[in-house]
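Remarks on the overall topology
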Amino acid sequence: MKKKIIAFSLFFASTLFVIGYIFWVTEVQFITPTEIPNNYVKVKVMDTINLASVLGASNGKPTFLHYYNPYCPCSKFNYNYYQSLVEKYEKDFNMYLVIREMDSDVLEDIEETITVKTTLIIDKGGKIAKETGVYATPQAVLLNPDHTLYYRGNYNRTRYCTVENSNYAEMAMDSLLMDRPSPDFGYFAETAYGCSLEKEREFYQVLLNIY
Amino acid sequence: MKISPEEKKNLRATNKAFFDVERKKMDKILFILLAAYFVFGLFIALYYDTWFMAIGVGGLITATIVIAWKLFPNSTIYQYIASGLFGIYLGQMIYQMHGLFEMHFFFFVGSAILIGYQNWKLQLPFVLVAAVHHSTFAYLQFVQGMDKVYFSQVNWTVETFAFHMILVVVVAVLNGMWAYQGEERTFDILKVNSTLSSKEKIEEVLRIAKESAEELLSNSERNTEIGKNLSDKATSQAASLEEISSSMEEITSNIEASTSNARESENIAILTEKKMKESNDSVESTVSIMKTMANKIMLIDEIARQTNLLALNAAVEAARAGQQGKGFAVVASEVRKLAERSQGLASEINDLSRNSQEIAEKLNTQFSELVPNFEKSLNLIREIYNASKEQSSGVDQINNSISELNRVSQENVSDFEQIVHNADVVQNKALELKDVIEDV
């Protein structure tokens, strides 16, 4: 009986550890602010963003940059919301999907995921992210037609975009279209959560060959 | 009614069977509920694509529950583990519903189910998990200065945490109290039951004993009857077996005699076959001699014909010689007569010889046909002999089996007699018991 109890205790402890790990990798790590990189340089609203060589002419339309990391479950979940924004605003904005690096896995994922018309930009080396002051995903950046920063921040204060009155990115797009000054949504809009841009696949994702 | 812990211990010991049955029922209900949670998690994953959490966490919880149940079937360990795992399922459901904190209501279901065990302590692991859950988030949110945790749906405040914790404690305390009261009520009933008056108890015992004695009597009468039937049948069976055994002995004797006769017939047939072959050879030799004789007779016949011709010529020459030849003519005439007689006899012998030869050849042919038929007869006799031997061996085996069957049958007769005797004893005892109870 004693041996049984010891063996079961070890098993139970291991089970609790694995359960804790699953909660961490699938949920907890995404609901706390993402760590700010050491060399991060904050870009302020109305600063000029020099991306003309990458994005080309704006045709008088504002620009919307969506930062996407297919290795990040949080970013993956947010993608559907981005697609709904593309469908709603594609006439008024130049919509771009920014990916840090492209490989065969990422390409396969994008081919499966993307169902709307959007321009894909590979931000190799993170130049665009640095220029716009983005270090996490999911994040949105809005640029005025003159390539000045209008909004950079979260889509919603929750990772599941469940609080409609905190759809910050969408609210900023509406504000820009109405020629209003850049809105100040506060901490929950500005402080990034989710994954870093370079985030690799988690152990379990590699093990199960999933994103 | 106030019951001391010592009394509870005694009541628990004396009513162990009752408590075991109740515990097993509850264990099953608890397991079904946890399994239903697992299935519900899979169902949610269909809509929210949270398979990793549903299968990973739900699977581990289910595996842990099954292992705990199998390893400690008669212990409360399984119940405490299940209580704690209810709490973890709560977290899983909230995550799977994308932070829908209304899933907290699952807490009430789990806590309420645990009341069935009538053990207030089982609420503790559940409350402990809830406390760890809320404390961790409260710590992150307020103590570590991370008051910007991205919870879903609402602005979380200290009051929210406090409210949730108080709710958990209130529900757990209420359910714990119900469990405790249920336990007390159970012990009250058991104590009342154990303190029924002695007269009532004795009456109840006597009623049950009388019913049992009557039933026993009825059954033992039936058993006696069945036993007697069986005994009679076994005796009849044993007698039949003896008759069969006797008949088999006669059959064995007959088969042995047949085998011996077949053997003797075979020997005679072999001897006869040999003689027949010899006779056949003799007949063949006779035919050959007859043929030689026929040839020789034909030569004699030819000589007689030549002699006759010579005698005729001599008679002609004697006639030419005239008087001098008269005597010679007489001799020649006699010679001719002898030659003609010889020729006639040779012809008769030749006919006889041909007839004999035909008879000998016919005899030879008949023998030639007879020998193979006789060989066939001999083979059939041999087969009869071999079959008799096999039959004899088979009958020996049957005899052995019948002997064994006979022995077992005799034992059965003895056993059935013993059963009948025992049934009689039981019947008598049942009668005595019934009489005693009726006297009481």
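Residues numbered from 1 in each chain as written. Chains lettered and ligands numbered in written order. Predicted model: local features only at pLDDT ≥ 70, side-chain atom pairs only at ≥ 80, totals over all residues.

**Remarks on the overall build of chain B**
What chain B contains, in helices and strands, is nine helices and zero strands. Put simply, chain B runs from its N terminus to its C terminus through helices and strands in the order α-α-α-α-α-α-α-α-α. Looking at the 440 residues of chain B, the share that counts as buried comes to 19%. Put simply, 80% of the contacts in chain B that link residues at least 6 apart link residues at least 24 apart. (Helix = DSSP H or I, 4+ residues; strand = E, 2+ residues; numbered from the N terminus. Buried ≥ 20, exposed ≤ 12 C-beta atoms within 10 Å, placed from the backbone. Contact = placed C-beta atoms within 7 Å.)

**Considerations on the overall build of chain A**
Counting its regular elements, chain A contains eight helices and seven strands. When each of the 211 residues of chain A is scored for burial, the buried share is 34%. Long-range contacts, defined as pairs at least 24 residues apart, comprise 74% of the intrachain contacts of chain A with a sequence gap of at least 6.

**Here we look at the environment of B:Ser279**
By the element assignment, B:Ser279 lies in helix 8 (residues 198-321). For the pair formed by B:Ser279 and B:Leu363, sequence separation is 84 residues and the distance between their alpha carbons is 10.0 Å.

**Quick look at unusual backbone geometry**
The omega angle of the peptide bond from A:Thr137 to A:Pro138 is 5°, so this bond is cis rather than trans. Position of A:Pro138 relative to the elements: it lies in the loop between strand 4 (136-137) and strand 5 (139-143). Positive phi outside glycine occurs at B:Asp49, with the angle close to 55°. Among the structural elements, B:Asp49 can be located in the loop between helix 2 (16-48) and helix 3 (51-71).

**Thoughts on the environment of A:Tyr135**
Residues and elements named next belong to chain A. Along the chain, Tyr135 falls in the loop between helix 5 (127-132) and strand 4. Each C-alpha atom, one on Tyr135 and one on Leu197, is 6.0 Å from the other, the two residues being 62 residues apart in sequence. Not counting residues within four places of it along the chain, the set of residues in contact with Tyr135 comprises Thr34, Ile36, Pro37, Tyr40, Ala129, Ala192, Ser196 and Leu197.

**Thoughts on the sheet that holds strand 5 of chain A**
Residues and elements named next belong to chain A. Reading across the sheet, the five strands line up as 3-2-1-5-6 and stay open at both edges, with mixed pairing between neighbours. The open sheet terminates on both sides in strands that have one partner only, identified here as strand 3 (119-122) and strand 6 (149-153). When strand polarity is set aside, the average angle formed by the axes of neighbouring strands in this sheet is 20°. Bridging between strand 1 (residues 63-68) and strand 5 involves five bridges; their strand directions are antiparallel. Residue pairing for strand 5: His66 is matched across the bridge by Ala140. Together, strand 1, strand 5 and strand 6 form the strand contacts of helix 6 (residues 168-177), whose direction differs from that of strand 6 by roughly 170°. (Pairing = 2+ DSSP bridges. Axes fitted to C-alpha atoms, helices over the stretch in contact; angles between N-to-C directions.)

**Some remarks on the nonpolar core**
Ranked by size, the top nonpolar core spans 39 residues in total, and within it A:Phe64, A:Val98, A:Leu142 and A:Ala172 carry the most contacts. Contributing elements (two or more residues each) for this core: strand 1, strand 2 (94-99), helix 5, strand 5, strand 6 and helix 6 of chain A. Setting aside chain neighbours within four positions, we find A:Val98 in contact with A:Leu65, A:His66, A:Tyr67, A:Tyr68, A:Ile121, A:Asp123 and A:Ile128. In terms of nonpolar packing, the next biggest core, distinct from the first, is built from 35 residues, B:Ile44, B:Trp69, B:Tyr78 and B:Ala82 among them. (Core = buried A, V, L, I, M, F, W, Y, C linked by C-beta atoms within 7 Å.)

**Things to note about the packing of helix 4 (residues 77-96) of chain B against helix 6 (residues 123-143) of chain B**
Residue and element names in this part refer to chain B. At a minimum axis distance of 7 Å, the contact between helix 4 and helix 6 shows a crossing angle of 35°. Judged by the sense of rotation from one axis to the other, the crossing of helix 4 with helix 6 is right-handed. Between helix 4 and helix 6, the contacting residues are Tyr80, Ser83, Gly84, Phe86, Gly87, Ile88 and Gly91 on the first element and Pro125, Phe126, Leu128, Val129, Ala130 and His133 on the second. Among the residues making up the contact of helix 4 with helix 6, the classes are represented as eight nonpolar, five polar and no charged. (Left-handed = near helix turned anticlockwise from the far one by under 90°. Nonpolar A, V, L, I, M, F, W, Y, C, P; charged D, E, K, R; others polar.)

**A closer look at the packing of helix 1 (residues 2-26) of chain A against helix 3 of chain B**
One can describe the packing of helix 1 of chain A onto helix 3 of chain B by two numbers: an axis separation of 10 Å at closest approach and a directional angle of 170°. Taken together, helix 1 of chain A and helix 3 of chain B sit at an angle that is classed as roughly antiparallel. Pair helix 1 of chain A / helix 3 of chain B crosses with left-handed handedness. In this structure, helix 1 of chain A contributes A:Lys4, A:Phe8, A:Phe11, A:Phe12, A:Thr15, A:Val18, A:Ile19, A:Ile22 and A:Thr26 to the contact, and helix 3 of chain B contributes B:Phe52, B:Met53, B:Gly56, B:Val57, B:Leu60, B:Thr64, B:Ile67, B:Ala68 and B:Leu71. Residue composition of the contact of helix 1 of chain A with helix 3 of chain B, by class: 13 nonpolar, four polar and one charged. (Parallel < 35°, antiparallel > 145°, perpendicular 65-115°, else oblique.)

**Here we look at the environment of A:Asp179**
Residues and elements named next belong to chain A. Relative to the helices and strands, Asp179 is located in the loop between helix 6 and helix 7 (187-190). In this structure Asp179 comes out as exposed when scored by C-beta crowding, with 7 C-beta atoms within 10 Å. Remark: the alpha-carbon pair of Asp179 and Asn144, spanning 35 residues in sequence, is separated by 9.8 Å.

**Focus: the pairing of strand 1 of chain A**
Residue and element names in this part refer to chain A. In terms of burial, strand 1 is largely enclosed, as five of its six residues are buried. Examined bridge by bridge, strand 1 and strand 2 share six bridges and lie parallel to one another. Bridging from a neighbouring strand, His66 pairs with Leu97 of strand 2. Once the chain exits strand 1 it traverses helix 3 (residues 73-89) before rejoining the sheet at strand 2, and the crossover so formed is right-handed. (Right-handed = clockwise from strand over helix to strand, strands pointing away.)

**Here's the deal with the confidence of the model for chain B**
Model confidence for chain B is summarised by a mean pLDDT of 83, while 95% of its residues fall at 70 or above. Among the prediction metrics, the complex's ipTM stands at 0.73, with pTM recorded as 0.54. (pLDDT = per-residue confidence, 0-100.)

**Re the pairing of strand 3 of chain A**
All names here are of chain A. Here strand 2 runs beside strand 3; their pairing, made up of four bridges, is parallel. By the bridge assignment, Val98 is partnered in strand 3 with Ile121. Regarding topology, helix 4 (residues 104-113) serves as the crossover connection from strand 2 to the parallel strand 3, and that connection is right-handed.

**Structural notes on the confidence of the model for chain A**
Residues at a pLDDT of 70 or more form 90% of chain A, whose mean pLDDT is 83. Of all secondary-structure elements in chain A, the lowest mean pLDDT belongs to helix 8 (residues 203-208) of chain A, at 64, while strand 6 of chain A reaches the highest, 92.

**Quick word on helix 6 of chain A**
All names here are of chain A. Among all positions of helix 6, only Tyr168, Ala169, Ala172, Met173 and Leu176 are buried. Buried residues of helix 6, seen end-on, are gathered within an arc of 140° and therefore sit on one face of the element. The inward-facing, buried residues of helix 6 contact strand 1, helix 3, strand 5, strand 6 and helix 7. (Arc of directions from axis to C-beta.)

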